[in-house]
Every structure is written in C-alpha cells, then in structure tokens.
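Remarks on the overall topology
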Amino acid sequence: TILKEPPKIQRLDDSVVNRIAAGEVIQRPVSAVKELVENSLDAGSSSVNVAVKDGGLKLIQVSDDGHGIRYEDLPILCERYTTSKLSKYEDLLSIKSMGFRGEALASMTYVGHVMVTTITKGQLHGYRASYRDGVMENEPKACAAVKGTQIMVENLFYNMIARRKTLQNSSDDYTKIVDLLSRFAIHHTNVSFSCRKHGASRSDVHSIATSSRMDSIRTVYGLSVARNLIKIEASDNDSSTSLFAMDGFISNSNYVAKKTTMVLFINDRLVECSALKRAIEIVYAATLPKASKPFIYMSIVLPPEHVDVNVHPTKREVSLLNLEVIIEKIQSVVESKLRDSDEARTFQEQT
Ligand code: ADP
Ligand code: MG
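Residues numbered from 1 in each chain as written. Chains lettered and ligands numbered in written order. Predicted model: local features only at pLDDT ≥ 70, side-chain atom pairs only at ≥ 80, totals over all residues.

Here we look at the confidence of the model for the chain
We count it as follows: Within a predicted model, pLDDT stands for the predictor's per-residue confidence, ranging from 0 to 100.
Here the chain shows a mean pLDDT of 92. Residues at 70 or above account for 96%. Our summary of model confidence lists the complex with pTM equal to 0.93 and ipTM equal to 0.99.

Laid out in structure tokens, this is it:
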C-alpha cells in the first residue's frame, strides 16, 4: 500500500478555539439561562427575572437585584477565564459559588451578542456595555438603572449554522427554561423568580420568597403535586468516611405521573445523578403497586472536599465520594417512608 503524506499540523486560531469551546459550555439556550441565573444567585440576588424570545434563540434576558459589577471590571468581564470567584486552584475545594471557571459570559459572546447593564451600591446611575468575541465593543455608557444587573443575550448561535438549525427544528427550549426556573425556585425559597416569554404579561414561573418549601412547591408545581408529598430526611454521621445530610420531599402513593421529576441539589448546585434517580425509581416500582413515576425534590449536603464540581464544563454532573453508600442510605429511607404512607393510606381506605 502507498502511504499518503501526513497532513500538516497547524495551530488553530484563538477565534476558532474559543468558538468551539463556547459551543460546549453553551450547548443550547437553556444552558445560557442556567449560567446567567447562577451568576445572579452568586451575586446575592433576592429577585431574578427571566424573559425569553423564540425559545432563547432571539433573546434571553436575565435581570437581578444583586451586587452588580464594578465599572472598572467591565472591560474584562467577558474575557475567557476572568472571574471574581476563584483565585487559586485550591479554592475549588471549598467553593461556595456556583460559578468558578470564568467561562460562561465569555462563551456567550463567542456564540451570541451580549449586552450588560449594571449598577453597584451607592451609585447614581448604572453602566451599559456590549460584547462580542470576548471583547467589550465600546466604552461603557452611563444609563439609568435601579439595582443589580441585567444581561441580554441576542441571536444565540448566529455563527453556528448547524446548531441553530437543529435547535430551530427541535421543540423550543422554552419548556426547558421554565423547567429550569421551577427547579431553582423550589430550592432557593428565599429568592423570587419569574420566567416569561418576552412581551407576555403572564409569567409561566412565578415564585415569591417564602420560608416554607412546601408553599413554594405548591406555587411552582401546583396543588396536585404538593398535596401528595412526604417529607424525608436522612443523614449519616456515624462513620468517619462519609458525612452527609439529605432532606427533601417525595411523592406518595396517590401521586400519578408518567415521568419521574427529580429535582436534585448537591451542596446547593443543581445537578443530575442518574444512578441516584434510577435507584429511587427502583424503590418506587418495588414498593408501590401502582406503577407511577415519582416526584422527588432532594437537597444533599456533603463535605465540599467529597464533591468534585469540576468534571464537566456545564457543571451539570458532579462526582461524589462514597456515592454507593449514599445511594443505599437514601434508598432505605425512601422505602420506609413509602411503606409507612402506603400503610396509612390502606388503613384509611379500610376504615
Ligand atoms: P464565573 O461565574 O465562573 O465567575 P462568568 O463568566 O459566569 O464566570 O462571570 C464572570 C464574572 O462576572 C463573575 O465572576 C462575576 O464577578 C461577574 N458577574 C457575572 N454575572 C453577574 C451578575 N449577574 N451580577 C454580578 N456580577 C456578575
Ligand atoms: Mg458564572
């Protein structure tokens, strides 16, 4: 056989590298919303409002009442790897904020057009700046602003034709965005959230700050969910290796749904854990005769050094030390709670 000449290896342009990386952090409109809302939460906001046009492809707008952004930071705000949350690698061990990579805003500027309006405490007016490809386009302009930050992302994926096409053909991300905000709303009960289609007078998620998680679940997911929930708690502090605490709500035997809803926060991060989800589904299928899929809200708190938050750029998954032990413990708590509630129900029906 004849060997071909090897192709020449070239160094990619920064602009190509950045756009490829950005497409990984911001996979779809809902990923941009997640990053923006997490930034608002990191900024200590008590109110976060989202408006979306065309499933997020035309416009995503997130407004908060958080601490705002300093004027002098605006020039580097959307550069890649600029952050106020991390300074050395070791900080990752104890990171409390949801952000830390300094990549989200930058990524949005590589695949969309970003405009930021912000005001910090004690200022008479705010500033507005727009960004493209990591760069601030012109000097920030003074403008009216009340409190906090508003970020607008327009024309997402305008420069990624294939991505835009698949997203336009698939059903709208708006449903995913509403789902995301619903999840944040029932965990962060001290923050009020809203989410609406741009221009609509009615919002599709509207939560008000409350001290009761149950109230917030009722507001966001409705009475049919809220009235069929059981409170659960579990913790493990007898062994020296695995310390964890869990609390939440799970649906009882009266709840009916075709799909599992699992809202999971680990150390206040909204994450997915398919192993845990499957483990709980198994308990439901085995314990309740009626094959309904569960509703689960669960918040797990672990020592920060047991959670690796940096396994994926979207931070959607985290990896945990002692996952098997935690899963077993949770399974047994879920099982006993379900049995108790099912027995109580059967007893009620008989009497
Ligand atoms: P990260 O969140 O990982 O730090 P981002 O690109 O999401 O990176 O944001 C960069 C920085 O911009 C943050 O560290 C924060 O200082 C600032 N910032 C972003 N959004 C907001 C906001 N809504 N309110 C206040 N500061 C913000
Ligand atoms: Mg961030």
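What follows continues from the structure just given.
Side note on the site of ligand 1
Selection rule: For each residue, a C-beta atom is placed from the backbone, and the residue counts as near a molecule or strand when that atom lies within 6 Å of it. Strands are runs of DSSP state E lasting at least 2 residues, helices are runs of H or I lasting at least 4, and numbering of each runs from the N terminus. Under this grouping Gly is polar, as are all residues other than the nonpolar Ala, Val, Leu, Ile, Met, Phe, Trp, Tyr, Cys and Pro and the charged Asp, Glu, Lys and Arg.
Close to ligand 1 lie 22 residues; N39, T83, S84, G99 and A104 are nearest. Those elements that place two or more of their residues in the shell around ligand 1 are α2 (29-42) and α3 (104-111). Residues that form the shell around ligand 1 fall into these classes: seven nonpolar, ten polar and five charged.

A closer look at the packing of α2 against helix α5 (residues 174-187)
To keep it simple, the criterion reads: In this analysis, axes come from line fits to C-alpha atoms, helices being fitted only over the stretch in contact, and the angle between any two N-to-C directions falls in the range 0 to 180 degrees. Geometric relationships in this document are graded by angle, where less than 35 degrees denotes roughly parallel, more than 145 denotes roughly antiparallel, 65 to 115 denotes roughly perpendicular, and other angles denote oblique. In this scheme, a crossing is called left-handed if the near helix is turned counterclockwise away from the far one by less than a right angle; it is called right-handed if the turn is clockwise. Contact between residues is assigned whenever the C-beta positions, reconstructed from backbone atoms, fall within 7 Å.
Axis separation between α2 and α5 bottoms out at 9 Å; the angle between their running directions is 25 degrees. Considering the angle they form, α2 stands roughly parallel to α5. Crossing handedness for the pair α2 and α5: right-handed. Here P29, V30, V33, K34 and V37 of α2 lie close against α5, whose contacting residues are K176, I177, L180 and F184. Here the residues of the contact of α2 with α5 sort into seven nonpolar, no polar and two charged.

A word on α5
Think of an α-helix as turning once every 3.6 residues; residues three or four places apart then point the same way. As a reminder, the rule being used: The length a helix should cover is 1.5 Å for every residue beyond the first. Three exposure classes are used, all based on how many other C-beta atoms lie within 10 Å of a residue's own C-beta (placed from the backbone): buried at 20 or more, exposed at 12 or fewer, and partly exposed between those limits.
Spanning 14 residues, α5 covers 20 Å between terminal C-alpha atoms, matching the ideal 20 Å at 1.5 Å per step. Buried residues dominate α5, accounting for eleven of its 14 residues. Turning to α5, its buried residues number three or more, namely Y174, I177, V178, L180, L181, S182, R183, F184, A185, I186 and H187.

Focus on the environment of D268
Here D268 shows up in the loop between β12 (261-266) and β13 (269-271). Residues D268 and I300 lie 32 residues apart in sequence; the distance between their C-alpha atoms is 7.9 Å.

Digging into the domain arrangement of the chain
Put simply, the rule is: Delimitation of the domains relies on an automatic or database domain assignment.
Entries for the chain in the domain assignment read domain 1 (14-206) and domain 2 (228-350). Between the C-alpha centres of domain 1 and domain 2 there is a distance of 30 Å. Listing elements by their share of the side of domain 1 that touches domain 2, those giving two or more residues are α1 (14-25) and α5. Per element, the largest residue contribution to the side of domain 1 that touches domain 2 is four residues, and it comes from α5. Across the side of domain 1 that touches domain 2, the residue classes break down as seven nonpolar, four polar and three charged.

Considering the packing of α5 against helix α6 (residues 213-221)
With their axes 8 Å apart at the nearest point, α5 and α6 run at an angle of 160 degrees to one another. For the element pair α5 / α6, the angle class is roughly antiparallel. Once α5 is placed against α6, the crossing between them reads as right-handed. Along its contact with α5, which presents S182, A185 and I186, the element α6 presents R213, S216, I217, V220 and Y221. Of the residues assigned to the contact of α5 with α6, the class counts are five nonpolar, two polar and one charged.

A closer look at the sheet that holds strand β10 (residues 229-236)
Stated formally: Paired strands, as defined in this entry, are two strands with at least two bridges between them according to DSSP.
An order of β10-β11-β14-β12-β13 is seen for the five strands of this open sheet, with the pairing classed as mixed. A strand with exactly one partner marks an edge of an open sheet, and here the two such strands are β10 and β13. Each strand axis lies, on average, 20 degrees off the axis of its neighbour in the sheet, ignoring direction. Of the pairings in the sheet, the one linking β10 to strand β11 (residues 244-251) comprises eight bridges and is antiparallel in character.

Details of α6
To be explicit about the condition: The reported arc concerns the directions from the helix axis to the C-beta atoms and nothing else.
Every buried residue of α6 is listed here: S216, I217, T219 and V220. Relative to the axis of α6, the buried residues are bounded by an arc of 165 degrees and lie together on one face. Its buried side turned inward, α6 meets α5, β9 (205-206), α7 (223-226), β10, β11 and β14 (295-301). G222, located one to two residues past α6, shows a positive phi value of around 95 degrees.

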